[in-house]
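Residue-level listing of the chains:
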Amino acid sequence: MYYDFFNLKEHPFRLTCEPKYFYLSPEHTHANAMLEFALIKRQGIMLLTGEVGTGKTMLVQHFLSRLDNNYKVISINQTQLSPVEFLQLLLLELDENAQPGEDKQSLLDAIIAELENLHQQNAHTVIIVDEAQNLCHEILKLLHDLSQHRIDKQRVCTIFLVGQNKIRETLEEPEVRDVISNINAKYHLGPLNLKEIRKYILHRLAVAGGHKSLTIDKDVFPIIETYTCLLYTSDAADEEDS
């Protein structure tokens, strides 16, 4: 009945990240421009934050889809790891045939060698670390060190830390102050406003097969905005309590 009424071919609001449903709001457009700026200018590290559901992951997918073959993209989604485990994962992402050991310095040296090799092949490495709010201080320091590595004054990689607001609080702690001091590009995604909520909903309905002339009672959208803001506030409060 739901599908028939709206003339839909599929569910428009699944929780999975499907690029075709991505809605590029003005704020997401601005954030995407910041991602591009950080990469073009080889900023070293960029920080992208936002609460659950603000579109961070889909925005990053949109950004990556526009990169050409001059970039080597590494995506890391597992962040509740020890420093050694994290370096092992990063090395394997760079070279699937690598045989990572347990020595942290050897792992770091091997990663730098891979980054330098890619740089010499005119390929710049882009490292995306999602769920970055779970990273420990030591891993943040290691990522900072990697972001500062250069050949002929050119950085061999650009790192994007993507996560919830907690990562901002972590980066303010004295143990990692050097990291935050070297992050020049930062962007925080907030919830959509009333106008953009309406456009977002109609966009997803249209992508799912709904007719473009489909209309929804305008009184519905303020209610959705209220609940969206409540959920956003609740997520932020839960993060502070944890």
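Up top you'll find the structure we're talking about.
Remember, it's a predicted structure, so these values are computed and weren't measured experimentally.

What follows is about the side chain of H28. Position of H28 among the secondary structure elements: in helix α2 (residues 26–40). At 2.8 Å, the side chain of H28 forms a polar contact with the backbone oxygen of T54. Not counting chain neighbours up to four residues away, the residues in contact with H28 comprise F22, Y23, T54, G55, L59, L189 and L192.

Attention now goes to the pattern of salt bridges. A pair can form between side chains of opposite charge whenever their charged atoms are brought close. Enumeration over the complete set of coordinates arrives at five salt bridges. Salt-bridge contacts for E10 lead to R14; the nearest nitrogen and oxygen are separated by 3.8 Å. Measuring nitrogen to oxygen at the nearest pair gives 2.8 Å for the salt bridge that ties E10 to K20. Within this pair, whereas E10 is found in the loop between α1 (2–6) and α2, its partner K20 is found in the loop between α1 and α2, the two being separated by 10 residues in sequence. With relative accessibility at 45%, the residue K20 sits in the partly exposed group. Each of the salt bridges in this network shares a partner with another, and the network as a whole consists of E10, R14, E18 and K20.

All right, on to the environment of R168 then. Inspection of the secondary structure puts R168 in helix α7 (residues 166–171). When the C-alpha positions of R168 and I180 are compared, they lie 8.7 Å apart, and in sequence the two are 12 residues distant. Residues contacting R168, with those up to four places away along its chain left out, are L47, T49, K186, Y187 and H188. Among the polar contacts listed, one links the side chain of R168 to the side chain of T49, at a separation of 2.8 Å.

So, how was this worked out
- Residues numbered from 1 in each chain as written.
- Predicted model: local features only at pLDDT ≥ 70, side-chain atom pairs only at ≥ 80, totals over all residues.
- Heavy atoms only, no water.
- Helix = DSSP H or I, 4+ residues; strand = E, 2+ residues; numbered from the N terminus.
- Polar contact = N/O pair within 3.5 Å; in protein donor to acceptor, adjacent residues only side chain to side chain.
- Contact = heavy atoms within 4.5 Å.
- Salt bridge = Lys/Arg side-chain N within 4 Å of Asp/Glu carboxyl O.
- Buried < 20%, exposed > 50% of the residue type's maximum accessible area, 1.4 Å probe, protein only.

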